[in-house]
Amino acid sequence: MTTKFDELLGQFHAYLASVDDALVRDAVARIGWDMPARDLEPRPLGCLRHLDRAAELAPPDAKPLVRLLAERRNELHWGQTYTEADFGKAFIDNYGWLEMFGTRGHFANDEVAAGLLILGPGIVYPDHHHVAEEIYIPLTGGTEWRMGEGGFRKREAGEVVHHVSNVNHAMRTGKEPLLALYIWRGGPLAQKSTITGTSMQDRS
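Residues numbered from 1 in each chain as written. Predicted model: local features only at pLDDT ≥ 70, side-chain atom pairs only at ≥ 80, totals over all residues. Heavy atoms only, no water.

A. View of the overall build of the protein chain. Within the protein chain one finds six helices and twelve strands. The C-alpha atoms of the protein chain give a radius of gyration of 16 Å, which matches the 17 Å a tight globule of 204 residues would have. Dimensions of the protein chain along its principal axes, counting C-alpha atoms only, are 50 × 30 × 30 Å. Every one of the 204 residues in the protein chain was classed for burial, and the buried ones make up 50%. A fraction of 73% describes how many contacts in the protein chain between residues 6 or more apart in sequence connect residues 24 or more apart. Accessible surface, the protein chain as shown: approximately 9200 Å² in total, 49% of it carbon and sulfur. Taking the average place of the 22 positive charges on the side chains of the protein chain and the average place of its 28 negative ones, the gap between the two points comes to 4 Å. (Helix = DSSP H or I, 4+ residues; strand = E, 2+ residues; numbered from the N terminus. Rg over C-alpha atoms; globule rule 2.2 N^0.38 Å. Buried < 20%, exposed > 50% of the residue type's maximum accessible area, 1.4 Å probe, protein only. Contact = heavy atoms within 4.5 Å. Areas by Shrake-Rupley, 256 points an atom, 1.4 Å probe, with all protein chains shown as cover. Lys, Arg positive; Asp, Glu negative; His and termini not counted. Charge placed at Lys NZ, Arg CZ, Asp CG, Glu CD.)

What follows is the structure in structure tokens.
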């Protein structure tokens, strides 16, 4: 069945296929890209206002994907793992994810989940971990990332960030939003992360 989201999945696949990284190549090769589609209700979120800026910031090889995502934003089923009670209103108003495929995504896959995460400017996603291995590729630069006991360091757009199973990691955005592509594999694909860090959003 052909759906209106096939083009988006195609651009998602095309971008991943362009990434020159052994870990990403292995992940892409293991995905069966002929996935059955799901009929999901649109679920827009407040964080989608950051997609226009993300499209401006995205590197050339990611622009087709991000522009199409921005164009189709209100037709997609966006999700939030947390609530205002977890991290506060500022976080929830600037956070959301789209599962392209997986156990909850627009395309069904029980082996691997992948999609896109949005964080608005000035947001801290506190230390957390999960069983699944995670590969992130930020499509906008300037966000600081931390893993394990290390400090925060800035990552550029297109840089591959790898979190092995159950390693703590955190992100904090600066003046620009974060749009990042993610792949989850090797663990429960809909697991809520275990939060180990502070959810304080004020870093002044």
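So that's the structure; there's more coming.
B. Representation of the pattern of salt bridges within the structure. On inspection of all chains with the given rule, the structure shows 15 salt bridges. Linking Asp93 and Lys89 is a salt bridge whose minimum nitrogen-to-oxygen distance equals 2.9 Å. Asp127 serves as the salt-bridge partner of Arg146, at 2.3 Å between the closest nitrogen and oxygen. Taken together, the residues Arg146 in strand 7 (residues 144–147) and Asp127 in strand 5 (residues 124–129) connect sequence positions 19 residues apart. Using a relative accessible area of 23% as the deciding quantity, one classes Arg146 as partly exposed. Classification of Asp127 as buried rests on a relative accessible area of 12%. (Salt bridge = Lys/Arg side-chain N within 4 Å of Asp/Glu carboxyl O.)

C. Representation of the pairing of strand 6 (residues 133–138) within the structure. A large share of strand 6 lies buried, amounting to six of its six residues. By the alternation rule, side chains of strand 6 split into Glu133, Ile135 and Ile137 and Glu134, Tyr136 and Pro138, which are all buried.

D. Main features of the nonpolar core. Among the nonpolar cores identified, the biggest contains 43 residues, and Phe12 and Phe101 are the most heavily contacted of them. Those elements that place two or more of their residues in this core are helix 1 (6–18), helix 2 (22–30), helix 3 (51–57), helix 4 (63–72), strand 2 (95–102), strand 4 (112–119), strand 6 and strand 11 (178–185). For Phe101, the contacting residues outside a window of four places in its chain are Leu9, Phe12, Ile31, Trp33, Met35, Phe107, Asn109, Val112, Ala113 and Ala114. With 20 residues, the next largest nonpolar core counts Phe91, Leu117, Ile123 and Tyr125 among its residues. (Core = buried A, V, L, I, M, F, W, Y, C linked by side-chain atoms within 4.5 Å.)

E. Seen up close, helix 2. Listed in full, the buried residues belonging to helix 2 are Val24, Ala27 and Val28. In an axial view of helix 2, the angular spread of the buried residues amounts to 95°, which keeps them on one side of the axis. Seen from the open side of helix 2, the exposed residues pointing more than 90 degrees away from its buried face are Ala22, Ala29 and Arg30. Those residues of helix 2 hidden inside the fold are in contact with helix 1, strand 6 and strand 11. (Arc of directions from axis to C-beta.)

F. Spotlight on helix 1. The end-to-end C-alpha distance of helix 1 is 18 Å, a good match for the 18 Å that 13 residues give at a rise of 1.5 Å each. Turning to helix 1, its buried residues number three or more, namely Leu8, Leu9, Phe12, Tyr15 and Leu16. Within helix 1, the buried residues cover an arc of 125° as seen down the axis, which keeps them to one side. (Expected span 1.5 Å × (residues − 1).)

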